[in-house]
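For reference, the chains in residue letters:
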Amino acid sequence: AKMMILFEWLQRNLDGGGESENQLVCSLMEMFESTVMLTHRARCVQFLWFYIVSLRPSWTEALLSLLLRTAFSPNTAIPKRLLSLAYLASFVARAKFLTTTFTLRTAQYVATLAREQMPHAEARVANGEMSHPHVLLFLYSVQALCYII
């Protein structure tokens, strides 16, 4: 019930196209990156962000870019990179409003990450290191790609 109230508020307050809306969404994206992405078992909270970005293509692109940058960043902690892949796959798989171009391009980026991680993952698996970060990134990338397609 509380989530519906928030959806209704967002719908009323994000339909004017003003700069204050862009500032609000920018702040919400920062909250997503710093808090929501790292919250264990957040359940359905991400759907608020998925709804918000569905309202404007520029906001959709901002979320996709954020998640892809995080997934590819070698300076980001592995758990956050893995979560960004999970959120990315969940979003793209559900976002029926995404153009084919956005969906394919996102899938290509995820496939590129999997290809980059594959030789490192193979070497670690050969040594029995199944939980090594390269193995996890490879597996999560493949799983995300499967979920998207």
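Preceding block: the structure.
Residues numbered from 1 in each chain as written. Predicted model: local features only at pLDDT ≥ 70, side-chain atom pairs only at ≥ 80, totals over all residues. Heavy atoms only, no water.

A. Just the packing of helix H5 (residues 78-94) against helix H6 (residues 100-126), in detail. Across the interface, H5 lies against H6 with an axial gap of 11 Å and an inter-helix angle of 150°. The orientation of H5 relative to H6 falls into the category roughly antiparallel. Where H5 crosses over H6, the handedness of that crossing is left-handed. Contacts from Arg 81, Leu 85, Leu 88 and Val 92 in H5 reach Thr 103, Thr 106, Val 110, Leu 113 and Gln 117 in H6. The class makeup of the residues in the contact of H5 with H6 is 5 nonpolar, 3 polar and 1 charged. (Axes fitted to C-alpha atoms, helices over the stretch in contact; angles between N-to-C directions. Helix = DSSP H or I, 4+ residues; strand = E, 2+ residues; numbered from the N terminus. Parallel < 35°, antiparallel > 145°, perpendicular 65-115°, else oblique. Left-handed = near helix turned anticlockwise from the far one by under 90°. Contact = heavy atoms within 4.5 Å. Nonpolar A, V, L, I, M, F, W, Y, C, P; charged D, E, K, R; others polar.)

B. Region of interest: the packing of helix H3 (residues 46-54) against helix H4 (residues 57-72). Close contact between H3 and H4 brings their axes to 6 Å; oriented N to C, the two are set at 135°. For the element pair H3 / H4, the angle class is oblique. Each of Phe 50, Ile 52, Val 53 and Ser 54 in H3 lies in contact with H4, whose residues at this interface are Trp 59, Thr 60 and Leu 63.

C. Structural context of the pattern of salt bridges. Within the structure shown, the criterion is met by 2 salt bridges. The salt bridge partner of Glu 21 is Arg 56, with a shortest N-O separation of 2.3 Å. Of this pair, Glu 21 sits in helix H2 (residues 19-34) while Arg 56 sits in the loop between H3 and H4, and the two are 35 residues apart along the sequence. As far as the burial class goes, Glu 21 and Arg 56 line up, both buried. Across the pair Glu 129 and Arg 124 runs a salt bridge, and its minimum N-O distance is 3.2 Å. (Salt bridge = Lys/Arg side-chain N within 4 Å of Asp/Glu carboxyl O. Buried < 20%, exposed > 50% of the residue type's maximum accessible area, 1.4 Å probe, protein only.)

D. Broad picture of helix H7 (residues 133-148). The end-to-end C-alpha separation of H7 is 22 Å, in line with the 22 Å expected for 16 residues at 1.5 Å each. Buried residues along H7 sit in contact with H5 and H6. (Expected span 1.5 Å × (residues − 1).)

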